[in-house]
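Architecture and fold: a report
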Amino acid sequence: MSGASRLSRRDVLLLSLTAAGTLTLAQTVKGNVVEQQTIPPRPPALKPDLVKEFVQVAHGDLDRTKALLAQEPALLNAAWDWGGGDFEMAIGGAGHMGRRDIAQFLIEKGSRMDIFVAAMLGELEIVQATLRAFPNLSASHGPHGIPLIAHAKAGGREAKAVLDYLQALRADKTGL
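The shown structure was predicted, so the numbers you read here are calculated from the model rather than taken from an experiment.

A short note on unusual backbone geometry
The residue His-144 is not glycine, and still its phi comes out positive at about 65°. In this fold, His-144 is placed in the loop between helix 7 (124–133) and helix 8 (148–154).

Here is the structure:
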């Protein structure tokens, strides 16, 4: 079979396991023992109306956010598509609305935090480290096309240091 790529025994095994619908995969080798990991079946999709409601209430209603999350913990990192690629998670709504209380509650529960929420929360070190690593993110936009600097403004006095930093970056880029 010259010119054709050959599959290893491991590749053939993994392909056959996948084709057979088996949910156990060889995970790691420790000494001579191969450990196995069982992959749980995917749960059913969340109800779209519930995801939309959760994202909406997280823009401003802490009590309802808590109630919905208690009802369905899988909502924590669920995203709603407002259309045109405008995906938003509950924490994103809290972020651009300046709802520190809701964002912190969601983070305590394990929600994914991004640079936009970090800016609103006034997490200067996180924002600085992220922008040092990826400078072009200073011009990126969060949910609904809201820019990073607007998230810092939404954070109020707790985010003033982030706002000052972002304004200084903007001034450096524009020469103002």
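Structural notes on helix 2 (residues 48–57)
Considered for burial, the residues of helix 2 that qualify are Leu-50, Val-51, Phe-54, Val-55 and Val-57. Elements in contact with the buried residues of helix 2: helix 3 (62–71), strand 3 (79–81), strand 4 (87–89), helix 4 (90–96) and helix 5 (100–108).

Some thoughts on the nonpolar core
Phe-54, Leu-69, Leu-75, Ala-103 and Leu-106 are the most contacted members of the largest nonpolar core, which has 24 residues in total. Those elements that place two or more of their residues in this core are helix 2, helix 3, helix 4, helix 5 and helix 6 (115–121). For this core, the leading source of residues is helix 2, giving five residues. If you look at the next biggest cluster of nonpolar residues, it comprises 13 residues, including Leu-131, Leu-148, Val-162 and Leu-163.

Quick notes on the rules
- Residues numbered from 1 in each chain as written.
- Predicted model: local features only at pLDDT ≥ 70, side-chain atom pairs only at ≥ 80, totals over all residues.
- Heavy atoms only, no water.
- Helix = DSSP H or I, 4+ residues; strand = E, 2+ residues; numbered from the N terminus.
- Buried < 20%, exposed > 50% of the residue type's maximum accessible area, 1.4 Å probe, protein only.
- Contact = heavy atoms within 4.5 Å.
- Core = buried A, V, L, I, M, F, W, Y, C linked by side-chain atoms within 4.5 Å.

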